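Working through the structure, step by step
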Amino acid sequence: MGSVRCLRCVSCQTEYDPREIDYTCPTCGPRRGTLEVIYDEAALRRTIRRETFAATGRASMWRYETLLPIDSMRFVQPLRVGWTPLYSFPALAQRLNLAALYVKDDGQNPTASYKDRASSLVVIKAQERERHTVTCASTGNAASSLAGFAAAAGLPAVIFVPERAPEAKVAQLLVYGAKVFSVLGSYDDAYDLASEAADRFGWYNRSAALNPYLVEGKKTGAYEIAEQLGWQPPDLVFIGVGDGSVVSGLCKGFEEFARLGLIDRVPRVVGVQAEGSSPIAAAFARYRGSTVEFEDVEAATVADSICVGKPRDVVKAVTYVARNGGEFVSVSDNEILEAILTLARSTGVFAEPAGAAAYAGLVQLAKGGTLAGKTAAVVVSGNGLKDTAATRQRVGAPIRIEPHVKEIERYL
Ligand SMILES: [Zn+2]
């Protein structure tokens with residue numbers, strides 16, 4: 001399997017042969033025993049150069065094929081995933097007293113979220129393992145993403161969503177032809193049910209954190225930020241955090257590039273949680289470098305994609321961000337909704353609430369004055385069209401008029 005050396009438990013460090021294990025460390029269990037994909041670093045260092053990726057000619061995350069755990073390009077779907085734009089907004093940077101502000105618009109992926117990076121890879125892993133059905137539980141984006149990529153690969157998908165999942169995301173699932181179960185309960189209930197069903201029926205499970213290959217797809221956003229900025233990554237990178245897999249992926253991506261000598265320094269990764277759903281930020285605040293202690297919460301936030309009270313990748317998220325030198329912050333729903341409007345009105349990028357949370361975290365730290373003169377990137381992890389209900393009440397209604405020019409004059 002390419003240059004993968006083993007899968008290693010993030011808690012007890014036991015190493016496993018990837019052919020012998022699907023999900024998590026049997027000793028440490030599904031919460032603490034998430035697995036890391038470990039590569040033959042010496043071999044990679046001999047063969048990989050900065051030019052390696054552009055030389056593939058691929059404007060997608062598959063330009064990083066040599067750093068991804070697939071056997072071959074045989075099952076890669078035709079959909080273009082990754083290599084999303086990284087925009088610079090100097091005027092907005094100036095307003096925040098930053099030297100530069102970049103926005104990575106992952107709403108431009110095929111199903112309009114960052115999760116496509118992971119789904120693309122996991123559908124390929126299902127096919128390599130000759131598993132004929134894929135499944136997951138999700139607050140929405142991971143599910144619609146899996147459904148889309150399963151459709152592209154011709155595999156059936158069975159999806160579990162909490163009953164409160166936004167309508168646009170549920171519609172997306174049904175349009176892609178997935179079998180959708182709306183679970184009368186929370187995301188956490190849907191997650192446990194999907195795991196049980198996957199075991200019972202032999203489906204390949206893409207649920208967050210459980211599957212070790214998800215973080216591998218998610219790390220490619222970090223690779224891209226580094227490469228798109230000419231191998232000079234920004235001082236800080238902001239990302240919304242729910243289960244903790246995307247923030248872990250970004251940390252891993254930057255760390256791998258640094259270890260391979262492709263970048264000289266690693267940006268500080270800032271994970272942004274919603275105040276009503278911030279168990280990882282709380283676990284990080286308690287972390288003293290040994291065992292990660294965490295407590296689950298009843299989650300409630302307008303940002304459905306990061307509304308997770310029982311985060312599944314908490315151990316990775318806390319240890320990776322600590323090693324990275326980054327931090328976690330929490331923002332209110334009000335700050336998130338404000339961030340959607342500011343971003344949309346000053347950049348033209350329409351983020352869904354979880355995507356705008358990252359920007360809200362940046363604004364919070366910028367107000368504290370600690371970011372003056374720094375460069376920062378914000379990862380917008382999903383397109384705003386996926387959840388318009390949240391912002392709709394903030395922006396008022398259009399002006400109703402009769403079809404006469406005189407009518408317009410009354411309102412100018
Ligand atoms: Zn273990």
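In what follows, the accompanying structure is described. The structure displayed is predicted, hence computed values, not measured ones.

Criteria and thresholds
Residues numbered from 1 in each chain as written. Predicted model: local features only at pLDDT ≥ 70, side-chain atom pairs only at ≥ 80, totals over all residues. Helix = DSSP H or I, 4+ residues; strand = E, 2+ residues; numbered from the N terminus. Expected span 1.5 Å × (residues − 1). Contact = placed C-beta atoms within 7 Å. Pairing = 2+ DSSP bridges. Axes fitted to C-alpha atoms, helices over the stretch in contact; angles between N-to-C directions. Parallel < 35°, antiparallel > 145°, perpendicular 65-115°, else oblique. Core = buried A, V, L, I, M, F, W, Y, C linked by C-beta atoms within 7 Å. Buried ≥ 20, exposed ≤ 12 C-beta atoms within 10 Å, placed from the backbone. Arc of directions from axis to C-beta. Right-handed = clockwise from strand over helix to strand, strands pointing away.

With that settled, the discussion passes to helix α8 (residues 187–201). Between the first and last C-alpha of α8 there are 21 Å, a value that for 15 residues agrees with the 21 Å anticipated at 1.5 Å per step. Structurally, α8 contributes buried residues whose contacts are with β6 (134–137), β7 (157–162), β8 (179–183) and β9 (204–205). Directly after α8, the chain includes G202, whose backbone phi takes a positive value near 75°.

Attention shifts here to the sheet that holds strand β11 (residues 268–274). Sheet strands line up and pair through hydrogen bonds in the backbone, either parallel or antiparallel. In spatial order, the strands read β4-β5-β13-β10-β11-β12; together these six strands make up an open sheet with mixed pairing. The outermost strands of the open sheet, each flanked by one partner alone, are β4 (86–88) and β12 (327–331). With strand direction ignored, the average angle separating the axes of adjacent strands in the sheet is 25°. Two strands pair when backbone bridges link them, and strand β5 (residues 100–105) and strand β13 (residues 375–380) are joined in this way by six bridges, in the parallel orientation. Pairing of V103 across the sheet is with V378, part of β13. Its contacts with the sheet put helix α10 (residues 220–228) on β4, β5, β10 (236–240) and β13, and the angle it makes with β4 is roughly 45°. Against the sheet, helix α12 (residues 279–286) makes contact with β11 and β12, and its axis sits at roughly 140° relative to β12, the strand it touches most.

We now examine the packing of helix α14 (residues 333–347) against helix α15 (residues 353–367). The N-to-C vectors of α14 and α15 enclose an angle of 95°; their axes lie 8 Å apart at closest approach. Here α14 is positioned roughly perpendicular relative to α15, judged by the angle of their axes. For the pair α14 and α15, contact is made by E335, I336, A339, I340 and L343 and by P353, A356, A357, Y359, A360, V363 and Q364, respectively.

Taken as a class, soluble globular proteins show a tendency for nonpolar side chains to be buried jointly. Core analysis: the largest hydrophobic core is formed by 126 residues, its most contacted members being I159, F238, I239, I336 and A357. Of all the elements, α15 adds the most residues to this core, at eight residues. Residues in contact with A357, not counting those within four places in the same chain, are G240, V272, A274, A303, I306, V331, I336 and A339.

Turning to the sheet that holds β6, a few remarks are in order. Pairing is parallel in the open sheet, where four strands are placed in the order β8-β7-β6-β9. Where the open sheet ends on each side, the last strands, each with one partner, are β8 and β9. As paired elements, β6 and β9 share two bridges and run parallel to each other. Paired with T135 across the bridge in β9 is N205. The sheet strands contacting helix α6 (residues 141–153) are β6 and β7, and the helix crosses β7 at an angle near 170°.

Note that an α-helix has 3.6 residues per turn; residues three or four places apart therefore point the same way. Over its 15 residues, α14 extends 21 Å from the first C-alpha to the last, a length consistent with the 21 Å expected when each residue adds 1.5 Å. Taken residue by residue, α14 has I336, L337, A339, I340, L343 and T347 as its buried positions. Seen end-on, α14 carries its buried residues on one side only, within an arc spanning 155°. Exposed side chains of α14 directed beyond 90 degrees from the buried face belong to N334 and R345. At the exit of α14 stands G348, carrying a positive phi of roughly 85°.

Attention now moves to the environment of R49. Within the fold, R49 resides in the loop between α2 (41–47) and α3 (51–54). When the 10 C-beta atoms within 10 Å are taken as the criterion, R49 is described as exposed.

A few words now on the pairing of β11. Here β11 lies mainly inside the structure; six of its seven residues are buried. As judged from the five bridges shared by β10 and β11, these two strands associate in the parallel manner. What sits directly across from I239, in β11, is G271. Note that the unit made of β10, helix α11 (residues 245–259) and β11 has a crossover that is right-handed. The sheet contact formed by β11 and β12 spans five bridges and is parallel. From the neighbouring strand, V272 faces β12, where its bridge partner is V329.

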